[in-house]
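Spelled out, the chains give:
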Amino acid sequence: MADPNSSFAMPNSLGKLFTITTWGESHGPAVGVAIDGCPPGLPITAEEIQAELDRRRPGQSDIVTPRKEDDRVEILSGVFEGRTTGLPLALLVRSTDARPGAYDEMREKFRPSHADYTYQAKFGHRDHRGGGRSSARETIGRVAAGAVAKKILHLAGATAGGPVEIRAFVSQVRDIAAPAAALEKFPTLAEVEASSVRCPHPATAAEMIELIKAVRAEGDSVGGVITCRARGVPPGLGEPVFDRLEADLAKAMLSLPATKGFEIGSGFAGTLLKGSQHNDAFVMREGQVHTPTNRSGGVQGGISNGEEIFFRVAFKPTATILQPQKTVDVHGAETELAARGRHDPCVLPRAVVIVEAMTALVLLDHWMRHAAQNRTFKF
């Protein structure tokens, strides 16, 4: 595994103390993740990891890809008698419903707005089946590792004043957005999971589902926005300059397939305010420093301030659509492509748990770094 602190760290790894490395391609025999730096003694089971993977797996509703994969996780190392050993965890998920023949035409034809051309331009040789490494199937490893990180954050937070809770949900599909007032309350997991689109506002969820179905019937796709909230995060996580907490969250989110934008706190809307309107005043509450408003989104100066962290991630429409599109082939000839295969008409419902996983991975890595520098030695 590459040293993440090296300037030559490989791009398949994330984190400095809690480090993950994902591997595998869309239509390969398996995908998975190696986790290094996991604290020893953590009680963890395959069932806990599986619960998160089940939220990501394909074929779970009529508005996602019909590919049928159970995505059963196997723990190959790093856990003994139900607890982590402190040594690397290896988690594997085998692929059982790959249909590479559906992608034969894409061996030579580049899908518009997909990674086909750029992978060919960079490597000169690529796995065209389902997009290979660029497929969202790679995110299985992220979700599996995120399940471990969530468990650590929950237990660590419980001993530090309250468990860390991370909740992502679909807040907008194309031009259908949940009312802001309806999203003021921190939603429960049950409220998010109550609809197949994973929007906690039932009326809006119903509209979103109908739109996705209509677009799918046309062989087209749509994008939208996922909102993520994290509460119980202690102050002090993050670094002042290059590894600012919001910068690492942005990198984690924009590393996901189909993401096109990230904003935290007031985001771009904050540019319309004056400083006197935008500033979050400080107050004392129960002996702790708090802010009655949270336009900062829980991060100031690159470091968490103890308030709820909230941000939004924009996802583009799925690039692979079932309509004829103009393109070129590997020989430079202009041609046409109508993609086949099984694809999500909207990636948002299955991306919710992926956003949560990436949030957990970033928060945990920064918590461990904070503890290592500021909590280990007493002078």
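A. Focus on the overall build of the protein chain. Along the backbone of the protein chain there are eight helices and 18 strands. What you see for the protein chain is a C-alpha radius of gyration of 21 Å, in line with the 21 Å of a compact globule of 379 residues. Here the C-alpha coordinates of the protein chain stretch approximately 65 × 50 × 40 Å along the principal axes. For the protein chain, buried positions account for 50% of its 379 residues. Taking the intrachain contacts of the protein chain between residues at least 6 apart in sequence as the baseline, contacts between residues at least 24 apart amount to 69%. Accessible surface computed for the protein chain: about 17,900 Å², of which carbon and sulfur atoms make up 56%. Across the protein chain, the 44 positively charged side chains and the 44 negatively charged ones have centroids separated by 1 Å.

B. Molecular detail of the pattern of salt bridges. Inspection of every chain in the model, using the stated rule, returns 28 salt bridges. A salt bridge links Arg-55 to Glu-193; the nearest nitrogen and oxygen atoms lie 3.0 Å apart. Here Arg-55 is found in helix 1 (residues 46-56), whereas its partner Glu-193 is found in helix 4 (residues 189-193), with 138 residues between them in sequence. Residue Arg-55 is classed as buried on the basis of its relative accessible area, which comes to 7%. Of the charged contacts in the structure, one is a salt bridge between Glu-69 and Arg-137, with a shortest N-O distance of 3.8 Å. Of the two residues, Glu-69 is situated in the loop between helix 1 and strand 4 (73-77) and Arg-137 in the loop between helix 2 (116-123) and helix 3 (139-159); the sequence distance between them amounts to 68 residues. Judged by relative accessible area, Glu-69 falls into the buried class, the value being 2%. Each member of the salt-bridge network shares a partner with another, and the members are Glu-52, Arg-55, Lys-150, Glu-193, Arg-198 and Glu-356.

C. Broad picture of the sheet that holds strand 9 (residues 176-177). Sheet architecture is open: five strands sit in the order 9-8-10-16-11, paired in antiparallel fashion. Of all strands in the sheet, those bounded by a partner on one side alone are strand 9 and strand 11 (259-264). On the sheet, helix 6 (residues 245-254) packs against strand 11 and strand 16 (309-315) and is oriented at approximately 160° with respect to strand 11. Sitting on the sheet, helix 8 (residues 348-374) is in contact with strand 8 (165-173), strand 10 (224-231) and strand 16, with an inclination near 145° to strand 8.

D. A look at the sheet that holds strand 4. The antiparallel open sheet is built from five strands, whose spatial order is 1-2-3-7-4. Every other strand in the sheet has two partners, leaving strand 1 (13-14) and strand 4 as the edge strands with one partner each. Where strand 2 (residues 19-24) and strand 3 (residues 30-36) come together, six bridges link them in antiparallel fashion. Bridge assignment links Gly-24 to a residue of strand 3, and that residue is Val-31. Here helix 1 sits on the sheet and contacts strand 4 and strand 7 (89-94); the angle it forms with strand 4, its principal contact strand, is near 135°.

E. Inspection of the nonpolar core at higher detail. Among the nonpolar cores identified, the biggest contains 80 residues, and Phe-18, Ile-35, Val-173, Ile-309, Phe-311 and Phe-315 are the most heavily contacted of them. Those residues in contact with Phe-18 that sit more than four places away from it in its chain are Ile-35, Asp-36, Gly-37, Cys-38, Ala-145, Val-148, Ala-149, Ile-152, Leu-361, Leu-364, Asp-365 and Met-368. Residues Ala-102, Met-106, Leu-337 and Ala-339 belong to the second largest nonpolar core, which totals five residues.

F. The environment of Pro-187, seen in detail. Relative to the helices and strands, Pro-187 is located in the loop between strand 9 and helix 4. On the basis of relative accessibility, which here comes to 4%, the residue Pro-187 falls in the buried class. Apart from residues no more than four positions distant in its own chain, Pro-187 is found in contact with Arg-167, Phe-169, Val-192, Pro-200 and Arg-229.

G. A look at unusual backbone geometry. With a phi angle near 55°, Glu-81 is a residue other than glycine that sits in the positive phi range. Mapped onto the elements, Glu-81 comes out in the loop between strand 5 (79-80) and strand 6 (83-84). Here the phi dihedral of Glu-286 falls at roughly 55°; this positive angle occurs in a residue that is not glycine. The residue Glu-286 is located in the loop between strand 12 (283-285) and strand 13 (288-290) in this model.

H. Broad picture of the packing of aromatic side chains. Within the structure shown, the criterion is met by four aromatic pairs. Ring geometry for Phe-110 versus Tyr-117: centroids 5.5 Å apart, planes at 70°, classification edge-to-face. Pairing Phe-262 with Phe-311 gives two aromatic rings, centres 5.2 Å apart and planes at 35°, and the pair type is tilted. Taken as a pair, Phe-262 in strand 11 and Phe-311 in strand 16 lie far apart in primary sequence, 49 residues in all. Judged by relative accessible area, which is 1%, Phe-311 ranks as buried.

I. Representation of the side chain of Asp-116 within the structure. Inspection of the secondary structure assignment puts Asp-116 in helix 2. Given a relative accessible area of 3%, Asp-116 falls into the buried group. Within polar-contact distance, the side chain of Asp-116 engages the side chain of Arg-111 at 2.9 Å. If sequence neighbours within four positions are ignored, Asp-116 has contacts with Lys-109, Phe-110, Arg-111 and Arg-126.

Rules behind the numbers
Residues numbered from 1 in each chain as written. Predicted model: local features only at pLDDT ≥ 70, side-chain atom pairs only at ≥ 80, totals over all residues. Heavy atoms only, no water. Helix = DSSP H or I, 4+ residues; strand = E, 2+ residues; numbered from the N terminus. Rg over C-alpha atoms; globule rule 2.2 N^0.38 Å. Buried < 20%, exposed > 50% of the residue type's maximum accessible area, 1.4 Å probe, protein only. Contact = heavy atoms within 4.5 Å. Areas by Shrake-Rupley, 256 points an atom, 1.4 Å probe, with all protein chains shown as cover. Lys, Arg positive; Asp, Glu negative; His and termini not counted. Charge placed at Lys NZ, Arg CZ, Asp CG, Glu CD. Salt bridge = Lys/Arg side-chain N within 4 Å of Asp/Glu carboxyl O. Pairing = 2+ DSSP bridges. Axes fitted to C-alpha atoms, helices over the stretch in contact; angles between N-to-C directions. Core = buried A, V, L, I, M, F, W, Y, C linked by side-chain atoms within 4.5 Å. Phe/Tyr/Trp six-rings, centres within 6.5 Å; stacked < 30°, edge-to-face > 60°. Polar contact = N/O pair within 3.5 Å; in protein donor to acceptor, adjacent residues only side chain to side chain.

On their own, these measurements won't tell you what the molecule is for.
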